[in-house]
Amino acid sequence: MNRPTNALSAPDAAKTSAVPRVVIVGCGFGGLEAARVLSKAAVEIIVIDRTNHHLFQPLLYQVATAGLPAPAIAGPIRHILRSEIARGNLTVLLGEVMSIDTASNCVVLDGGEHLHFDHLILASGATHSYFGRDDWAKYAPGLKTLGDAFTIRRRVLTAFEQAERETDVVKREPWLTFAIVGAGPTGVEMAGTLSEIAQHTLNAEFRRIDTRRARVILLEGAPKVLGTFPEDLSQRAKEQLVDLGVEVMVGAKVTNITAFGIHYDTVTPAADGTNQTVSHFLPSRTVIWAAGVAASPLGRSLAKSTGCEVDRAGRVIVQPELNLPNHPNIYVVGDLASAKSYLDPKNPTIVPGVSPGAKQMGRKAAKNIIRRLQGKDAGAFRYLDYGALATIGRRAAIASVDVPFTSIKVKFSGFSAWLFWLFVHVYFLIGFRNRLVVFMDWAWAYFTSQRHARIFIAPYLRDTHQQAAARSDPPAPPA
C-alpha cells in the first residue's frame, strides 16, 4: 500500500495490510467509548487528541467556580485506556488534526505528518460560537476546556479582589456585577453557583465590601430559560434561580460586549399597540459566555474534502449508520455530528448534544466498523434517551426522566432533583478516585458552603481588558 513520503514512521511501520487501521480523532465521550469497543477487535487503533486528558464536561462549571479541582473531573487518557493499551493494538498520540485527505485516506497532523487510516471516527467535539462576533471572546470567555475554566475562575475571584480595593462606591458596582449570556444548562449552572459564592462562600471574608450585595444577572434572548425543557420545568428553574438571588432577563438580545459591560436590546409593547425596541447598557467587569456552540472546524474541513453537508453550526450531517455518503469508512460522532435516532425508522428524531448521545454514537460507530469488517451490514443508530437534568444551585435542580421500556416521563424539581443530579454525575465520572473526591468535596461544600479550589496562579490582573477597566472610567452608556 502506497504511503505519503512524510508519513508517521512509528505507527505506520507496524501497519500491515492484514490488520485494518482505525484512527479516532478526539478522546471525549464518543472517542473514548469507540476506543474501548474496538480494542477487543482485530484492528489497529490510533487515538489522537490535542490534550493529554479526558474531560468530564458536565462538571466543568464546578472547576470554573472553584468547587472542584481540575483532577477531580479529568484523567490522563493513557491511564484511562491503560487496559486497552495493554492488549497491544492501541496507540495514543498527542497532537492536533488539521485536515483530512480523503483522496489518500490520511489525516494531516499539526506537524505536517500524514497518518493513514482504513476507517476513521471523528469525535473532535465543539467549541464556542459568538455568532460572527469573535471579538467578544476576550471580554466574555466561554466554557469548554480546563483552560476556559481557569480563566473564568481567575476573572471571578479577581473581580471580588478589585472591588475590595476600589474606594469609589460607584466604580465598585461593575466589579460586583456578574453577567452570564445564555440560559442553557451551562448558563443556568454558572448563574446559580456564582450567586451561592457571593451569598454564602465569601460573605465573611472581605472587610470593605459585602459580597451579598453582588448582582448575578442571567441574560437570555429567547422567551424562557432552559429552552429544551418542558414549559413547567423551565418556569420552575426560573423560580429557583430567583430564589437564589439571580436576576433573570429573558428576551434580552445582546448587541455588543466590551471591557466595561454588555449592550442588549429588549422589546416593549408601545401605547399604540406596536412593539418598541429599547437599548440598554449593563456595566459589568465579568461576563461569561454560555449562548452559542459551534462544531469543531474539522466539520467544515471534512465537507470541503468529501462534499458532505453541514448544518448552520458546522455539524456534519451523517447517514443513519453515522457515516458519510460516498465515504462509508468515515464516521462522525458526538457534538460534531448532526445525527438522528432510528428507534422508529419511519419517524427519526434529532439526537441531542449531550454526553449519553456521544457515548452511544461512539459505541455504535465502533460496532458498525466491526460489522463491516465481518462482511455484515451496518445498523442504523438508535438513541436511548434517559431524560434531561439541569442543576441550578444547592438543593435546586430540575429533572425529566424517561422510565425504561415505557412511554412514561417523570418530572420533578427542587431538592429531590438535585440529589438525583448529584448521584448521576458522580456515577458517570471516570475512575473510583474521581468519584470519591467529588463526593467528599460536595458533601463538605453542602454543609459548610466553602469552596477551597480558589487558587489561580496567573499574575495579578493578567487579563489585559481587566487591567484597562481597572485604570479607566467606562464610556457613557448609549442614549
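Scope of this entry: the structure provided in the associated data block. Throughout, a residue's number is its position along its own chain's written sequence, starting from 1. Whole-chain, interface and lining totals are the exception, using all residues; otherwise, since this is a predicted model, local features are given only for residues with pLDDT of at least 70 and side-chain atom pairs are given and counted only at 80 or more. In computing side-chain values, all of the structure's heavy atoms are included and hydrogens and water are not.

We count a stretch as a helix when DSSP gives it H or I for four or more residues in a row; a strand needs E for two or more, and each element gets its number in order from the N terminus. Residue count minus one, scaled by 1.5 Å, sets the expected span of a helix. An ideal rise of 1.5 Å per residue puts 24 Å on 17 residues; helix H8 (residues 185-201) measures up with 22 Å between its terminal C-alpha atoms. In this scheme, a residue with accessible area under 20% of its type's maximum is buried, one over 50% is exposed, and one in between is partly exposed, where area comes from a 1.4 Å probe on protein chains only. Most of H8 is tucked away, with 13 of its 17 residues classed as buried.

Strand pairing follows a simple DSSP-based rule, namely that at least 2 bridges must link the two strands. Spatial ordering of the open sheet is given by E6-E7-E8, a layout of 3 strands whose pairing is antiparallel. Two strands in the sheet have a free side with no partner beyond their single neighbour: strand E6 (97-101) and strand E8 (114-116). Averaged over all neighbouring strand pairs, the angle between strand axes comes to 25°, with direction disregarded. Across 4 bridges, the pairing between E6 and strand E7 (residues 106-109) is antiparallel. Residue serine 99 lies in a different strand from E7, and its bridge partner there is valine 108. In this analysis, axes come from line fits to C-alpha atoms, helices being fitted only over the stretch in contact, and the angle between any two N-to-C directions falls in the range 0 to 180 degrees.

Our next topic: the packing of aromatic side chains. Pairing of aromatic rings covers Phe, Tyr and Trp, the last through its six-membered ring, and needs centres within 6.5 Å; plane angles under 30 degrees mean stacked, over 60 mean edge-to-face, and all others mean tilted. For the coordinates displayed, the defined rule picks out 10 aromatic pairs. Pairing phenylalanine 29 with phenylalanine 56 gives two aromatic rings, centres 5.7 Å apart and planes at 80°, and the pair type is edge-to-face. One end of the pair, phenylalanine 29, is in helix H2 (residues 29-38); the other, phenylalanine 56, is in the loop between strand E3 (53-55) and helix H3 (60-64), and 27 residues separate them in sequence. Assessed through its relative accessible area of 14%, phenylalanine 29 is described here as buried. Owing to a relative accessible area of 4%, phenylalanine 56 belongs among the buried residues under this scheme. On the numbers, 6.3 Å between centres and 35° between planes, the contact of phenylalanine 160 with phenylalanine 206 is tilted. Here the residue phenylalanine 160 occupies a position in helix H6 (residues 146-165), and phenylalanine 206 occupies one in the loop between H8 and strand E12 (215-220), the gap between them amounting to 46 residues. In this structure an aromatic cluster arises from ring pairing among Tyr130, Phe131, Trp136 and Trp289. Criterion for a charge above a ring: Lys NZ or Arg CZ within 6 Å of the ring centre, and within 35 degrees of the ring normal. One Lys or Arg, arginine 285, reaches over the ring of tryptophan 175 and ends 5.4 Å from the middle of that ring. One residue, arginine 395, lies across the ring of phenylalanine 415, its end atom 4.3 Å from the ring centre.

It is worth spelling out the sheet that holds strand E20 (residues 323-324) at this point. Read across the sheet, 6 strands follow the order E5-E2-E1-E9-E21-E20 without closing on themselves; strand pairing throughout is mixed. The sheet is open, and its two edges are formed by strand E5 (90-94) and E20, each paired on a single side. Relative to strand E2 (residues 44-49), strand E1 (residues 21-25) is paired through 5 bridges, and the arrangement is parallel. Bridge pairing in E2 places valine 23 opposite isoleucine 46. Should any heavy atoms of two residues lie within 4.5 Å, those residues are considered in contact. Sheet contacts for helix H10 (residues 298-306): E1, strand E9 (119-122), E20 and strand E21 (327-332); angle to E21, the most-contacted strand, approximately 170°.

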